[in-house]
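Next come the chains, spelled out residue by residue.
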Amino acid sequence: MSDIQPKRLVVFGATGNLGQQLIEKLAESNWPIFELIGVASSDSAGSEFEFRGEMLDVTSEWPTLKGRDFVFICTPRSEALEVVREALRAEVPCIDCSGALADQDVRMPAPISMSQSTTDGDAEAAIKTAPLLGVPAGTTLAWATVLEALSVSRVVGTVLCSSSALGQKGVAALSGESIALFNQSDVPEAGPAGQFVAFDVVPGGGIDSDRVRGELQRLFGSGLSVDLASVQVPTFVGEGSSLSLTLSAPLAREAVEARLAAIDGVTLMQDGFGSRGLASVDEAVEAPIGPTLRDAIGVDEILIGRIEADASQPVGEGWRLWLAYDPIRLTSEQVLNLARRRLGLP
Ligand SMILES: NC(=O)c1ccc[n+]([C@@H]2O[C@H](COP(=O)([O-])OP(=O)(O)OC[C@H]3O[C@@H](n4cnc5c(N)ncnc54)[C@H](OP(=O)(O)O)[C@@H]3O)[C@@H](O)[C@H]2O)c1
């Protein structure tokens, strides 16, 4: 890579869950990086972050974008639009991770684990010149991978979201409320969920279901019927989805497993108890089988288990699956892959 000009990069939201994960991945990459500027809100003024062995300042003053090579936008939606405008004005390519423009005509390349992400030459050429790229929600990335591999005509699912779906403030709220309840002290004010989340499940909480539905519809077109519900559960990180699928053509169990196992970025965990060794307390009761959300933390892959025939549908056409994944890791992989293609890095 020695003949490639070292890059000047800006990460907005550098102190957040996604921003930190992205910076970690950039540090591990072999990209030639001359400069990395981390931007956050004024709440983070004076803080630092580590990058390739150096401590760098987080700035709350927006840097001049003109002359930089790429801008990563990992802020909440409300702040992202202004950053997009600024990047477009400065003619610096950027990627929006917030979904602020999900319903607009923004180039949103297919998830990297889908075959269409690399086989469409026109789309690849468009990425190379796009001023603004979008990335689907972590849930969309996980679901799309499975739907394409099994050629699904209808999917109905429930997403179990952890408090990290609402960013660091969501995680802090669950932590603060849990500690207060254990200590029988005053419970702090409700966090970004708008209500208390500790030891409770919040139907409709967590991710933006309309966004996921719209993105899947955009990726698959009218050939796919899709509906989903989201529930926030009192875990800190990770996400799980329980899917009920109707396939376009019936498949035997072996074929379903073989197609899923062949996807890059997917691990089947059909047997065993998940990596944490979940076991039933009562030997007479069937042991629970993973993967669990904790199994998926810190893993770049989508873990799939509990592949079961849906008895309400014709044999071979209806299947139920359980997915566990880390949406922040899936998103940062997709973002880095797109930025690499946009910047023409090998
Ligand atoms: N969490 C997920 O699973 C996930 C997955 C995919 C995409 N996303 C999207 O990625 C974005 C970030 O999510 P997250 O979970 O990382 O949230 P987060 O932990 O709450 O982080 C938000 C970041 O944005 C910064 N920020 C807030 N206002 C700002 C401003 N005016 N100027 C510059 N920086 C500002 C925050 O700085 P301070 O620390 O100073 O407040 C923080 O660094 C969201 O749009 C989210 O929808 C999240």
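Residues numbered from 1 in each chain as written. Predicted model: local features only at pLDDT ≥ 70, side-chain atom pairs only at ≥ 80, totals over all residues. Heavy atoms only, no water.

Visitor: Looking at this structure, how should I read the nonpolar core?
Guide: Considering soluble globular proteins, one finds that nonpolar side chains tend to be buried as a cluster. Ranked by size, the top nonpolar core spans 39 residues in total, and within it Trp143, Leu150, Leu245 and Leu323 carry the most contacts. When contributions to this core are tallied by element, the ones reaching two or more residues are α5 (138-150), β8 (152-161), α7 (209-220), β10 (225-232), β11 (239-247), α8 (253-261), β13 (302-309) and β14 (318-325). Per-element tally for this core: the top contributor is α5, with eight residues. In contact with Leu150, not counting residues within four places along its chain, are Leu245, Leu247, Leu251, Val256, Arg259, Leu260 and Leu321. Ile23, Val58, Val135 and Ala339 belong to the second largest nonpolar core, which has 31 residues in total. (Core = buried A, V, L, I, M, F, W, Y, C linked by side-chain atoms within 4.5 Å. Buried < 20%, exposed > 50% of the residue type's maximum accessible area, 1.4 Å probe, protein only. Helix = DSSP H or I, 4+ residues; strand = E, 2+ residues; numbered from the N terminus. Contact = heavy atoms within 4.5 Å.)

Visitor: Would you mind going over the sheet that holds strand β5 (residues 70-73) with me for this structure?
Guide: With respect to topology, seven strands assemble into an open sheet ordered β3-β4-β2-β1-β5-β6-β7, the strand pairing being mixed. Each of the sheet's edge strands pairs with one partner strand only, and the pair in question is β3 (48-51) and β7 (132-134). Taking each pair of neighbouring strands and ignoring which way they run, the sheet shows an average axis angle of 25°. For β5 and strand β6 (residues 94-96), the ladder comprises three bridges, and the chain directions are parallel. Of the residues in β6, the one forming a bridge with Phe72 is Ile95. Contacts from helix α2 (residues 77-90) reach β1 (7-12), β5, β6 and β7 within the one sheet, and its direction differs from that of β5 by about 170°. Seen against the sheet, helix α10 (residues 327-343) touches β1, β5, β6 and β7 and runs at an angle of roughly 160° to β5. (Pairing = 2+ DSSP bridges. Axes fitted to C-alpha atoms, helices over the stretch in contact; angles between N-to-C directions.)

Visitor: How do you make sense of the site of the ligand when you look at a structure like this?
Guide: Contacts to the ligand come from 24 residues, most closely from Thr15, Leu18, Ser41, Ser44 and Thr75. Between an oxygen atom of the ligand and a main-chain N or O atom of Leu18, the distance comes to 2.8 Å. Measuring from an oxygen atom of the ligand, one finds a side-chain N or O atom of Ser41 at 2.7 Å. Protein coverage of the free-state accessible area of the ligand, which is 910 Å², stands at 83%. Assessed atom by atom at 2 Å from the grid points, the ligand resides in the largest pocket. (Near = heavy atom within 4 Å. Polar contact = N/O pair within 3.5 Å; in protein donor to acceptor, adjacent residues only side chain to side chain. Areas by Shrake-Rupley, 256 points an atom, 1.4 Å probe, with all protein chains shown as cover. 1 Å grid on protein atoms, 1.4 Å probe; cavity = no way out; pocket = protein on both sides within 12 Å on 5 of 7 lines; lining within 4 Å. Sits in = over half its atoms within 2 Å of the grid points.)

Visitor: How should I be thinking about the packing of helix α1 (residues 17-28) against α10 in this particular structure?
Guide: To characterise two packed helices, one gives the angle between the axes of the helices and the distance between these axes. Where α1 contacts α10, the axes come no closer than 9 Å and their chain directions differ by 50°. By the angle between their directions, the pair α1 and α10 is classed as oblique. Here α1 and α10 pass one another in a crossing that is right-handed. In this structure, α1 uses Asn17, Leu18, Gln21, Leu22, Lys25 and Leu26 to contact α10, whose residues at the interface are Ile328, Arg329, Thr331, Ser332, Glu333, Val335 and Leu336. (Parallel < 35°, antiparallel > 145°, perpendicular 65-115°, else oblique. Left-handed = near helix turned anticlockwise from the far one by under 90°.)

Visitor: What should I look at first to understand the side chain of Ser230 in this one?
Guide: Positionally, Ser230 belongs in strand β10. A distance of 2.3 Å separates a polar side-chain atom of Ser230 from the backbone oxygen of Gly205.

Visitor: Could you clarify how one ought to interpret the pairing of β11 in this entry?
Guide: Along any regular strand the residues' side chains alternate between the sheet's two faces. β11 sits mainly inside the fold: seven of its nine residues count as buried. In this sheet, β11 lies alongside β8 in antiparallel orientation, the contact comprising nine bridges. Within the sheet, the bridge partner assigned to Val152 lies in β11 and is Leu247. In this structure, β11 lies alongside β14, joined through eight bridges in antiparallel fashion. Residue pairing across strands places Glu239 opposite Tyr325, the latter belonging to β14.

Visitor: Even after reading the chapter, I still don't get the layout of surface pockets, so can you show me in this structure?
Guide: Take a probe with the size of a water molecule and roll it over the atoms, and the empty space left behind shows itself. Each pocket or cavity is described by its volume, and for the largest pocket that value is around 1,400 Å³. The wall of the largest pocket is formed by 42 residues, among which Cys74, Thr75, Pro76, Leu166 and Gly167 lie closest to the centre. Elements represented by at least two residues in the lining of the largest pocket include exactly α1, α2, α5, α6 (167-183) and α10. Grouping the constituent residues of the lining of the largest pocket by class yields 17 nonpolar, 18 polar and seven charged. When we break the lining of the largest pocket down by domain, the ones giving at least three residues each are domain 1 (7-136 + 331-343) and domain 2 (139-327). (Points joined across faces, edges and corners; volume = space filled by probe spheres on them. Nonpolar A, V, L, I, M, F, W, Y, C, P; charged D, E, K, R; others polar. Domains from an automatic or database assignment.)

Visitor: Sorry if this is basic, but what is going on with the side chain of Ser163 here?
Guide: Counting through the fold element by element, Ser163 comes out in the loop between β8 and α6. Leaving out residues up to four positions away in the same chain, Ser163 has contacts with Gly170, Val171, Leu174, Gln232, Val233, Thr235 and Phe236.

Visitor: Looking at this structure, I do not really get the domain arrangement of the chain. What am I missing?
Guide: A common way to state how big an interface is: give the accessible area lost once the parts meet. Once the domains are mapped, the chain shows domain 1 (7-136 + 331-343) and domain 2 (139-327). Of the residues lining the interface, 25 residues belong to domain 1; the matching set on domain 2 comes to 19 residues. Contact with domain 2 buries surface across domain 1, with Asn17, Met108 and Met114 losing the most and accounting together for 30% of the total. Linking domain 1 to domain 2 there are two salt bridges. (Buried area = accessible area lost by both parts, 1.4 Å probe. Salt bridge = Lys/Arg side-chain N within 4 Å of Asp/Glu carboxyl O.)

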